[in-house]
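Each chain, written out:
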Amino acid sequence: MLIFILCVLGLRLFLSLAKYAWSLVMRIGHPQLAGVKQDFSLEPTVSILLPCFNEGPDVYNSIRTILECDYPVDKFKVIATDDRSRDDSWEWLQKAAADFPGRVVARRNPKNMGKSRTLIGASHVSNSDIIIVIDSDCIFAKDTIRQLVTCFADPKMGIVGGTVGIRNPNTNSLTQVQTYVYFLAFDLWKTYENWTKSVTCVGGYLLAIRRHLFEQIEPKILNRNWFGVEVVEGEDRFITHHALLLGYDTYVNTKARCWTNAPDKYPQFFKQQYRWRKSGVRDLFLTYKLLWSHLGTVHPNGVYCSTIAPLTLLTFT
């Protein structure tokens, strides 16, 4: 058994290094291979769905940076929802709505519902063409919204994501290491999947999706369960997966940038990693369950990234 585990770990390490190497070659030598056609004249209406739980004043700062984006002010708004925080987050959302009238919608759930149901509830008070899902502590670059929406020039493009950086890289050694890992996992790694427009997980820190596609996947989100237990996390991987199964392309535009706070204490860090890996394992089982549905619909590279790559979640990041 030990020899088998070591062989699996060795294979995982080899495949990961090969994927990083190929991604680096494409990024430097052939960037056009991992690009998409962008139409900068596109200006669809956009709703940014911001779920909030115990973020305090950080959520106000996030909203402010979003509203400073270089995009027509009459074509996007922030729909911020407090998921029954135990701190003063709700007061900060109300302040944002008062300070930026008509541009921020402040909502509050009747009870704590989790991110998935919070996003769905927010989407129901929106009628925009594009929905952008974010984390509540994210701050945007000024061109982030435009960089996302320009990639929807192709009607086959279903989901577009961006890259995420660390807002607190110098807090301690833990955040310094995560800065490096975030670049590998959420930037360089995606180049390989961008090559075939089959990114298997567009991160929920910055995910743009066509409204009609989100509505099509919504019932599946609401019905998610793991052996009868409702699943309220990992909606980003789940949504991306079902977009691929419906025949849409998924892509990460590395020029669309945001930044988030990384865990700076080990209990927070391990809790985050455990949550991410649970999501990966659930998605892996979903893939095997629906494997025949992938064939002929999802690009072979996407099938590989859904069936083989997730096995490595438990061994090597």
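Q: Is there a simple way to think about helix H6 (residues 173–194) in this case?
A: An α-helical segment advances 3.6 residues per turn. Residues three or four places apart therefore align on the same side. For H6, which comprises 22 residues, the first-to-last C-alpha distance of 31 Å matches the rise-based estimate of 32 Å (1.5 Å per residue) to within 8%. Where H6 bends most, the angle comes to about 30°, and this point is Leu-184. N-capping of H6 is provided by Asn-172, with a side-chain oxygen placed 3.0 Å from the backbone N of Leu-174.

Q: So what exactly am I meant to see when it comes to the pattern of salt bridges here?
A: Once their charged atoms are close, side chains differing in charge can pair, the charge on each being opposite to the other. As enumerated under the stated definition, the model contains 16 salt bridges in all. Glu-43 is the salt-bridge partner of Lys-75, the closest N and O atoms lying 3.9 Å from each other. Separated by 32 residues along the polypeptide, Lys-75 in the loop between helix H2 (58–67) and strand E2 (76–82) and Glu-43 in the loop between helix H1 (2–29) and strand E1 (46–52) bring together distant segments of the chain. Residue Lys-142 pairs with Glu-68 through a salt bridge whose shortest N-O separation is 4.0 Å. Linking Lys-142 in the loop between strand E5 (139–140) and helix H5 (144–149) with Glu-68 in the loop between H2 and E2, this pair joins segments that are 74 residues apart in sequence.

Q: What's the story with the packing of aromatic side chains in this structure? I'm lost.
A: Aromatic ring pairs are described here by two measures, namely the spacing of the ring centres and the angle between the planes. Scanning the entire structure with this criterion turns up 12 aromatic pairs. Taken together, a centroid distance of 6.4 Å and an interplanar angle of 50° make the contact between Tyr-182 and Trp-276 tilted. Residue Tyr-182 is found in helix H6, and its partner Trp-276 is found in helix H9 (residues 266–289); the two are separated by 94 residues along the sequence. Among the residues examined, Tyr-182 registers a relative accessible area of 7% and is labelled buried. Note on Trp-276: relative accessible area 31%, which makes it partly exposed. Seen from their ring centres, Trp-226 and Phe-227 are 5.0 Å apart, and the 80° between their planes marks the pair as edge-to-face. Look at Trp-226 and you get partly exposed, because its relative accessible area is 31%. For Phe-227, a relative accessible area of 73% translates into the label exposed. Feature note: the residues Tyr-182, Phe-186, Tyr-205 and Trp-276 constitute an aromatic cluster, connected by ring pairs.

Q: Before we go on, may I ask you to explain the nonpolar core in this structure?
A: One broad trend across soluble globular proteins is that nonpolar side chains are buried collectively. Formed by 42 residues in total, the largest nonpolar core has its most connected members in Ile-63, Ile-132 and Ile-145. Broken down by element, the residue count for this core peaks at five residues, all from H2. Counting residues in hydrophobic clusters, the runner-up holds 22 residues, among them Leu-119, Ala-122, Leu-207 and Ile-217.

Q: Sorry, what's going on with the packing of H6 against H9 here?
A: In a pair of packed helices, the angle between the axes and the distance between the axes together describe the arrangement. Interhelical geometry of H6 versus H9 gives an angle of 20° and a closest axis separation of 12 Å. In terms of their interaxial angle, H6 and H9 are classed as roughly parallel. In this structure, H6 meets H9 at a crossing whose hand is left-handed. Packed against H6, whose contacting residues are Leu-174, Gln-178, Tyr-182 and Phe-186, the element H9 presents Tyr-266, Phe-269, Gln-272 and Trp-276 at the interface. A breakdown of the residues in the contact of H6 with H9 according to their chemical character gives six nonpolar, two polar and no charged.

Q: Sorry, what's going on with the sheet that holds strand E7 (residues 206–210) here?
A: Pairing between the strands of a sheet comes from backbone hydrogen bonds, and it takes one of two forms, parallel or antiparallel. The strand order across the open sheet built from eight strands is E3-E2-E1-E4-E7-E6-E10-E5, with neighbouring strands paired in mixed fashion. A single partner strand is all that each edge strand has here, and the edge strands are strand E3 (104–108) and E5. In this sheet, strand E10 (residues 249–260) lies alongside strand E6 (residues 157–166) in parallel orientation, the contact comprising eight bridges. Note on E10: the bridge partner recorded for Met-157 is Asp-249. Most of the contacts of helix H3 (residues 89–99) go to E3, to which it runs at about 155°, and overall it touches E1, E2 and E3. Where helix H4 (residues 114–123) meets the sheet, its contacts fall on E1, E2, E3 and strand E4 (130–134), and the angle it forms with E1 comes to roughly 145°.

Basis of the calculations
- Residues numbered from 1 in each chain as written.
- Predicted model: local features only at pLDDT ≥ 70, side-chain atom pairs only at ≥ 80, totals over all residues.
- Heavy atoms only, no water.
- Helix = DSSP H or I, 4+ residues; strand = E, 2+ residues; numbered from the N terminus.
- Expected span 1.5 Å × (residues − 1).
- Bend = angle between axes of the 7 residues up to and from the residue.
- Polar contact = N/O pair within 3.5 Å; in protein donor to acceptor, adjacent residues only side chain to side chain.
- Salt bridge = Lys/Arg side-chain N within 4 Å of Asp/Glu carboxyl O.
- Phe/Tyr/Trp six-rings, centres within 6.5 Å; stacked < 30°, edge-to-face > 60°.
- Buried < 20%, exposed > 50% of the residue type's maximum accessible area, 1.4 Å probe, protein only.
- Core = buried A, V, L, I, M, F, W, Y, C linked by side-chain atoms within 4.5 Å.
- Axes fitted to C-alpha atoms, helices over the stretch in contact; angles between N-to-C directions.
- Parallel < 35°, antiparallel > 145°, perpendicular 65-115°, else oblique.
- Left-handed = near helix turned anticlockwise from the far one by under 90°.
- Contact = heavy atoms within 4.5 Å.
- Nonpolar A, V, L, I, M, F, W, Y, C, P; charged D, E, K, R; others polar.
- Pairing = 2+ DSSP bridges.

Fair warning: the whole summary comes from geometry, so function is off the table for now.
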